[in-house]
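Descriptive structure summary
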Amino acid sequence: KGLEMLKNEYGETCFVAVRSSAEEEDREFSFAGQFETVLNVPPEKKKVEEAYKEVLASLYSPKAIAYKEQIMPKDKPISMSVGCITMVDAEVSGAMYSSDPNDLNNDVVIINASWGLGKTVVEGSVDADHFQIGKEEPYPILYKKVGKKDFIIVTNKNGGIDKVPLPEEKQGKTCISEEQLRELVRQAILIEHYFKKPQDIEWAIDKNGKIFILQSRPLRISPELSETFRDISSTLQKYN
């Protein structure tokens, strides 16, 4: 029924991302990158069921189990559900930190971006563009490093994703405009203010230039700063 609703709203050719939603994943304990995400799944019952099983099984992968043992109480089990959301055919994607995880006094949003789907940025498999941008208007770009992005991940029209070489003339070119960067910073500040804690945010920009916020979870910060970051309401007041 859910797939039929999606197809009725977005068309028969819409594809979905099948993503984990573990009980503690986006709350006190962050499991960023530990569980499987299956991208560009055709809206067919069998295909979605296969992707669902793949995501659910990642709860028991060696790296997820080791990570859980490291950060969570031993007697605390994790439950997982799996979500299906419509796929963004991204021109540019990335991740951003709404605050600097290593320096409370550094009022910046940190953004990493690359061409295509954000899997390359999240996994660190490409030399992404890196920006540090001030959190007060007009959101000045304080630091910029353009990475040599030699490949991208794109959607396949039949489902799934492909890794393809990036044309040489685009490899060393900035993949995102200053206007888009400043809009991402504005969104990061709003999200951080809503949750009252620093956030690790995944985003994408489609081929029409529309920005999508895909996911937001608590930002893992250095342990010595964790007490200070427990509630940053007073710090955020100046960004209202």
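Structural notes, computed from the coordinates. Counting restarts for each chain, with residues numbered from 1 along the sequence as it is written. Per-residue local features of the predicted model are confined to residues with pLDDT of at least 70, and side-chain atom pairs are confined, for both listing and counting, to 80 or more; whole-chain, interface and lining totals are unaffected and use all residues. With hydrogens and water excluded, all non-hydrogen atoms of the structure serve as input to the side-chain values.

**Details of the sheet that holds strand S6 (residues 129-134)**
Each strand in a sheet pairs with another by means of backbone hydrogen bonds, the pair being arranged parallel or else antiparallel. Spatially, S7-S6-S5-S4-S10-S11 is the arrangement adopted by the 6 strands of the open sheet, whose pairing is antiparallel. Whereas interior strands pair on both sides, the edge strands pair on one side only; in this sheet they are strand S7 (141-145) and strand S11 (211-218). Taking the axes of each pair of neighbouring strands and ignoring which way they run, one obtains an average angle of 20° across the sheet. When DSSP finds two or more bridges between a pair of strands, those strands are recorded as paired. Secondary structure elements follow DSSP: runs of H or I no shorter than four residues count as helices, runs of E no shorter than two count as strands, and numbering proceeds from the N terminus. For strand S10 (residues 199-206) and S11, the ladder comprises 7 bridges, and the chain directions are antiparallel. Among the inter-strand pairings, isoleucine 201 is bridged to a residue of S11, identified as serine 216. A fitted line through C-alpha atoms serves as each axis, taken over the contacting stretch for helices, and the angle formed by two N-to-C directions is quoted from 0 to 180°.

**As for the pattern of salt bridges**
Every case where a carboxyl oxygen of Asp or Glu lies within 4 Å of a side-chain nitrogen of Lys or Arg is listed as a salt bridge. Enumeration over the complete set of coordinates arrives at 11 salt bridges. Across the pair glutamate 4 and lysine 7 runs a salt bridge whose closest N-O atoms are separated by 3.3 Å. With glutamate 4 and lysine 7 both in helix H1 (residues 2-10) and 3 residues apart, this pair spans about one turn of that helix. The classification of residues rests on relative accessible area computed with a 1.4 Å probe and restricted to protein chains. Under 20% of the type maximum is buried, over 50% is exposed, and intermediate values are partly exposed. Its relative accessible area of 14% is what places lysine 7 among the buried residues. Where glutamate 49 meets lysine 45, a salt bridge forms, and the shortest distance between an N and an O atom there is 2.6 Å. Taken together, the residues glutamate 49 and lysine 45, both in helix H2 (residues 45-57) and 4 residues apart, mark about one turn of the helix. A relative accessible area of 35% places glutamate 49 in the partly exposed class. Three or more residues joined by partner-sharing salt bridges are found here, namely Arg19, Glu202 and Arg217.

**Let's talk about H1**
Within H1 the residues assigned to the buried category are Leu3, Leu6 and Lys7. Angularly, the buried residues of H1 cover 95° about the axis, an arc narrow enough to put them on a single face. Seen from the buried face of H1, the exposed residues on the opposite side, beyond 90 degrees, are Met5, Asn8 and Glu9. Positioned one or two residues after H1, glycine 11 has a phi angle of 100°, which is positive. The arc in question is traced by the directions running from the helix axis to the C-beta atoms.

**Re the nonpolar core**
Put simply, a nonpolar core is a bunch of buried Ala, Val, Leu, Ile, Met, Phe, Trp, Tyr and Cys residues held in one set by side-chain atoms that sit within 4.5 Å of each other. In terms of nonpolar packing, the biggest core is built from 22 residues, with Met96, Ile111, Ile133, Ile176, Val185 and Trp203 touching the most fellow members. No other element matches helix H6 (residues 178-195), which puts 6 residues into this core. Working rule for contacts: check all heavy atoms of both residues, and any pair within 4.5 Å makes them a contact. Not counting the four nearest positions on each side in its chain, isoleucine 133 is found in contact with Asp107, Val108, Val109, Ile111, Tyr139, Pro140, Ile141, Leu142, Leu181 and Val185. Ranked by size, the runner-up nonpolar core spans 15 residues in total, among them Cys14, Ala51, Leu59 and Ala64.

**Examining unusual backbone geometry**
Of note, the bond from glutamate 137 into proline 138 is cis; its omega dihedral lies within 30 degrees of zero at 10°. Relative to the helices and strands, proline 138 is located in the loop between S6 and S7. Of note, asparagine 40 is a non-glycine position whose phi angle comes to about 55°, a positive value. Among the structural elements, asparagine 40 can be located in strand S2 (residues 38-41). Looking at asparagine 40, the relative accessible area reads 4%, which means it is buried. Residue tyrosine 139 is not a glycine yet carries a positive backbone phi of 55°. For tyrosine 139, the position within the fold is in the loop between S6 and S7. Exposure remark for tyrosine 139: the relative accessible area of 12% places this residue in the buried category.

**Focus: the packing of aromatic side chains**
Between rings of Phe, Tyr and Trp, where Trp is taken as its six-membered ring, a pair exists when centres lie within 6.5 Å; planes separated by under 30 degrees are stacked, by over 60 edge-to-face, and by other angles tilted. Under the defined criterion, the tally for this structure stands at 1 aromatic pair. Arranged with centres 5.1 Å apart and planes meeting at 85°, the rings of tyrosine 194 and phenylalanine 195 form a pair that is edge-to-face. A relative accessible area of 64% means that tyrosine 194 is categorised as exposed. Cation placement over rings: the criterion is NZ of Lys or CZ of Arg within 6 Å of the ring centroid and within 35° of the ring normal. The ring of tryptophan 115 is capped by lysine 170, whose NZ or CZ atom sits 4.0 Å from the centre of that ring.

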